[in-house]
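Residue-level structural notes
Single-letter residue listing:
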Amino acid sequence: MAKKNVNEMSFLDHLEDLRWLLVRSTIAVIIMAMVTYTISDYLFDTIIFGPTRPTFFTYVYFCELSHSLGFADSICITEMPFIIQNTQMEGQVNVFIWICILFGFILSFPYILWEVWKFISPALYKNEKKNAKVFIFFSSLLFFLGVIFGYFVVIPMSVNFVATFTVSPTVLNQFTLDSYIGMVKTSVIASGLFFELPIIIYFLTKLGLVTPNFLRTYRKYAIVLVLIIAAIVTPPDVVSQTIVAIPMLIIYEASIFLSVLVAKKEKNN
């Protein structure tokens, strides 16, 4: 078995490395946020507020899908019965800054992963240190897939649900800018991090904190949780809920499969 790095580091040394990890990662986020600033008009008009329009890609695709499945116009969207308003004097300034930071974090995510890898690499075996590129590539890929899933699936479904849900025709939907942007940030980041589940399970299995049997035992609870989440963020129709639930279930099953491979490898070692 390959040996780990024998160079011992004190607790303060680890704290110092962690501090510089956070400093360099923050600088990377700020730099990418400044890059995002240069395309802020396109970012807000086309990307951020795209899901508030009936012509958004997801709505058009789902409408075509409903026709092909024989559901007629059951999930077609022709209008968005709400407006987004700013109710705070500094509201738009704060939103502008936080959206730039959000996209700065997303764009700099591969670099942040590289910093994290450098931080944990002293605790790894020599042969494991060689997998840095593989770790960064697949972790970044999963994160970006999660972000795309959040943007094109979770956000449109959530917007459609809250826009069409009403307790009475006399109540008009007037959403605040903060609430809409908060939903966008939460949906995108949460989806991106959820898609990191296989990577998290990989390390937890190597540390002995998670086993394949544990994941299989709690699979039924995971399925129920996924279905609940899908039901919350989607309109009350089977097609929409299935589209949201299936990728999340695939991620969970992939985590189990990866845990099995890691457990077998650790056992053989």
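Residue numbers restart at each chain and count upward from 1, following the sequence in its written direction. Note on the predicted model: pLDDT of at least 70 is required for a residue's local features to be given, and 80 or more for side-chain atom pairs to be given and counted; whole-chain, interface and lining totals, by contrast, use all residues. Note that water and hydrogens are dropped before the side-chain values are worked out from all heavy atoms of the structure.

Let us now look at helix 4 (residues 91-107). The α-helix winds at 3.6 residues per turn, so residues separated by three or four positions along the chain end up facing the same way. Helix length check: helix 4, at 17 residues, gives a terminal C-alpha distance of 24 Å against a target of 24 Å (1.5 Å per residue), a fit within 8%. Along helix 4, the residues that are buried comprise Gly91, Val95, Ile99, Cys100, Leu102, Phe103, Gly104 and Ile106. Only DSSP runs of H or I reaching four residues or more are called helices, and only runs of E reaching two or more are called strands; each is numbered from the N terminus. The span one expects for a helix is its residue count, reduced by one, times 1.5 Å. For every residue, the accessible area (1.4 Å probe, protein chains only) is compared with the maximum for its type, and the residue is labelled buried under 20%, exposed over 50%, or partly exposed between those bounds.

Time to look at the UniProt feature "transmembrane region" (unreviewed entry) in the chain. UniProt positions are given in the numbering used here, feature names are shortened, and annotations may be inferred rather than shown by experiment. In this structure's numbering, the residues bearing the UniProt feature "transmembrane region" (unreviewed entry) are residues 21-39, 95-114, 134-159, 179-205, 217-236 and 242-263. Structurally, residues 21-39 comprises 89% helix and 0% strand, and the distance from its first C-alpha atom to its last is 28 Å. Within the segment residues 95-114, helix and strand shares are 95% and 0% respectively, and the terminal C-alpha atoms sit 29 Å apart.

A word on the packing of helix 4 against helix 5 (residues 109-120). Look at helix 4 against helix 5: their axes get within 4 Å of each other, and the N-to-C directions meet at 60°. Here helix 5 runs oblique to helix 4, going by the angle between their axes. Contacts between helix 4 and helix 5 involve Phe105, Ile106 and Leu107 from the former and Phe109, Pro110 and Ile112 from the latter. Classification used: nonpolar for Ala, Val, Leu, Ile, Met, Phe, Trp, Tyr, Cys and Pro, charged for Asp, Glu, Lys and Arg, polar for all others including Gly. A class-by-class count of the residues in the contact of helix 4 with helix 5 yields six nonpolar, no polar and no charged. Axis lines are fitted through C-alpha atoms, for helices just across the contact stretch, and the angle between N-to-C directions can take any value from 0 to 180 degrees. Should an angle fall under 35 degrees it is taken as roughly parallel, and over 145 as roughly antiparallel, whereas 65 to 115 is taken as roughly perpendicular and any remaining angle as oblique. Residues count as neighbours in contact if any of their non-hydrogen atoms are within 4.5 Å of one another.

Another aspect to go through is the packing of aromatic side chains. To pair, rings of Phe, Tyr and Trp, with the six-membered ring standing in for Trp, must have centres within 6.5 Å; the planes then decide the type, stacked if under 30 degrees apart, edge-to-face if over 60, and tilted in the middle. Taken as a whole, this structure holds 25 aromatic pairs when the rule is applied. On the numbers, 6.0 Å between centres and 85° between planes, the contact of phenylalanine 57 with phenylalanine 152 is edge-to-face. One end of the pair, phenylalanine 57, is in helix 3 (residues 57-68); the other, phenylalanine 152, is in helix 7 (residues 132-164), and 95 residues separate them in sequence. Using a relative accessible area of 31% as the deciding quantity, one classes phenylalanine 152 as partly exposed. Relative to phenylalanine 152, the ring of tyrosine 151 has its centre 4.8 Å away and its plane inclined at 85°; by these criteria the two rings are edge-to-face. Since its relative accessible area comes to 14%, tyrosine 151 is described here as buried.

With that out of the way, let us pick up the packing of helix 3 against helix 7. Contact geometry for helix 3 and helix 7: axes closest at 9 Å, N-to-C directions at 85°. Classified by the interaxial angle, the pair formed by helix 3 and helix 7 is roughly perpendicular. Contacts between helix 3 and helix 7 involve Phe57, Thr58, Tyr59 and Phe62 from the former and Phe152, Pro156, Met157, Val159 and Asn160 from the latter.

Moving on to the nonpolar core. Among the nonpolar cores identified, the biggest contains 47 residues, and Ile48, Ile99, Val159 and Tyr180 are the most heavily contacted of them. The element that contributes the greatest number of residues to this core is helix 7, accounting for 14 residues. Setting aside residues no more than four positions away along its own chain, isoleucine 99 makes contact with Leu43, Phe44, Ile48, Ile181 and Lys185. Counting residues in each nonpolar core, the second largest holds six residues, with Ile201, Leu215, Ala222 and Tyr252 among its members. The criterion is simple. A nonpolar core is a set of buried Ala, Val, Leu, Ile, Met, Phe, Trp, Tyr and Cys residues joined through side-chain atoms within 4.5 Å.

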